[in-house]
Amino acid sequence: MMEVEVSLIPDWAAERRGMVDTQLRRRGIRDARVLRAMGEIPREEFVPAGLRAMSYLDDPVPLGDAQTISQPYMTALMAQELELTGTETVLEVGAGSGYAAAVLGALARTVIAIDIVPAMAQLARENLRRTARDSNVSVLEGDGSLGCAERAPFDAISVAAGAREIPAALLDQLADPGRMVIPVGPWNDQELRVVLKAGGRVESRISTLCRFVPLRGGEGWN
Ligand code: SAH
């Protein structure tokens, strides 16, 4: 009788390579450090246990509580727009699963990630610890629409939830020179803005259209 071997254990490394090639490189992600980080970080460890099969799909993954881990392409694009070189202190608003924080941690010196939902901050912390990505990434609980004054200024700020307008506190806490990526626009329909601060001036441009969960808090949708 012929035996057919069926592997039930997914080849995560192969899925990860496929994701990097088809979803990132082919769509114009060019920053070699971003491609390398996303080729190494086990996204499946940041996805809820019952949804692991979705880890490398071209979609956001639900985290519960109406939150999602962003689509891999969006995480990559945001990281690329920040043009990190490895020396920066970065604030991530909306830690969620901790996946984007892990990616930023691979690209910068220090990452402070903050989440307004205590259970999300806890989840991010656990995921980062389990994957040993927590040496330069710390997770705080709080309203990131107000930034994190105690740790400011930040060379880069990445906001993973849609804002009505760019929160003034985040602009204040951005270093000069500094860069911020933030989805801005009406509820559920935004443009990803890249904000550059340099020489005391602030400019912004639109990177792409996007759809993020709403930024809550004092300078968010409340
Ligand atoms: N970057 C995350 C995805 C985040 S989803 C990842 O890679 O998994 C958006 C997150 O923003 C949610 O966890 C939500 O709780 C958080 N959030 C919304 N408003 C916030 C605020 N004002 N301050 C901090 N976190 C906020």
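Structure's up top.
What you see is a predicted model; the values in this text were computed from it and never measured.

**Q** Would you take a moment to explain the sheet that holds strand S6 (residues 154-159) for this structure?
**A** Across a sheet, strands are paired by hydrogen bonds formed along the backbone, either parallel or antiparallel in direction. Pairing in this open sheet of seven strands is mixed, and the strands run S5-S4-S3-S6-S7-S8-S9 from one edge to the other. Each edge of the open sheet carries a strand with a single partner, namely strand S5 (137-141) and strand S9 (201-210). Averaged over neighbouring strand pairs, the angle between their axes works out to 15° when direction is ignored. The pairing of strand S8 (residues 190-198) with S9 spans nine bridges and is antiparallel. The residue bridging Ala198 from the neighbouring strand is Arg201, located in S9. Together, strand S4 (110-115) and S5 form the strand contacts of helix H5 (residues 118-130), whose direction differs from that of S5 by roughly 165°.

**Q** Looking at this structure, how should I read the pairing of strand S7 (residues 174-184)?
**A** Every other side chain in a regular strand lies on the same face of the sheet, so the side chains alternate between the two faces. By the criterion of burial, S7 is predominantly enclosed, with nine of the 11 residues buried. Here S6 runs beside S7; their pairing, made up of four bridges, is parallel. Across the sheet, the residue bridging to Ile157 is Met180, located in S7. In this region the chain leaves S6, passes through helix H6 (residues 168-173) and returns to the parallel neighbour S7; the handedness of that crossover is right-handed. Across seven bridges, S7 lies against S8 in antiparallel orientation. The residue of S8 that forms the bridge with Pro183 is Leu192. Between S7 and the antiparallel strand that follows it, S8, lie five residues; Gly185 among them carries a positive phi value of about 150°.

**Q** Just to check I follow, could you spell out helix H1 (residues 12-24) for this structure?
**A** Residue pairs three or four apart in sequence face the same way in an α-helix, which turns once every 3.6 residues. Here H1 contains 13 residues, and its C-alpha end-to-end distance of 17 Å stays within 8% of the 18 Å for a straight helix at 1.5 Å per residue. Listing the buried residues of H1 in full gives Trp12, Arg16, Met19, Val20, Gln23 and Leu24. Viewed end-on, H1 has its buried residues packed into an arc of 110°, placing them on one side of the element. Close packing links the buried residues of H1 with helix H2 (32-40), helix H3 (72-81) and helix H4 (99-107).

**Q** Looking at this structure, I do not really get the site of the ligand. What am I missing?
**A** Within the structure, the ligand sits among 25 residues, and Glu92, Ser97, Asp115, Gly144 and Arg216 are positioned closest to it. Within the side chain of Asp115, a nitrogen or oxygen atom sits 2.6 Å from an oxygen atom of the ligand. Asp143 is positioned with one of its side-chain polar atoms (N or O) 2.9 Å from a nitrogen atom of the ligand. The protein chains hide 99% of the 580 Å² of surface that the ligand would expose on its own. Among the elements of the structure, strand S2 (67-69), strand S3 (89-93), H4 and S4 are those that each provide at least two residues to the shell around the ligand. Ranked by residue count, the leading element in the shell around the ligand is S2, at three residues.

Calculation criteria
Residues numbered from 1 in each chain as written. Predicted model: local features only at pLDDT ≥ 70, side-chain atom pairs only at ≥ 80, totals over all residues. Heavy atoms only, no water. Pairing = 2+ DSSP bridges. Helix = DSSP H or I, 4+ residues; strand = E, 2+ residues; numbered from the N terminus. Axes fitted to C-alpha atoms, helices over the stretch in contact; angles between N-to-C directions. Contact = heavy atoms within 4.5 Å. Buried < 20%, exposed > 50% of the residue type's maximum accessible area, 1.4 Å probe, protein only. Right-handed = clockwise from strand over helix to strand, strands pointing away. Expected span 1.5 Å × (residues − 1). Arc of directions from axis to C-beta. Near = heavy atom within 4 Å. Polar contact = N/O pair within 3.5 Å; in protein donor to acceptor, adjacent residues only side chain to side chain. Areas by Shrake-Rupley, 256 points an atom, 1.4 Å probe, with all protein chains shown as cover.

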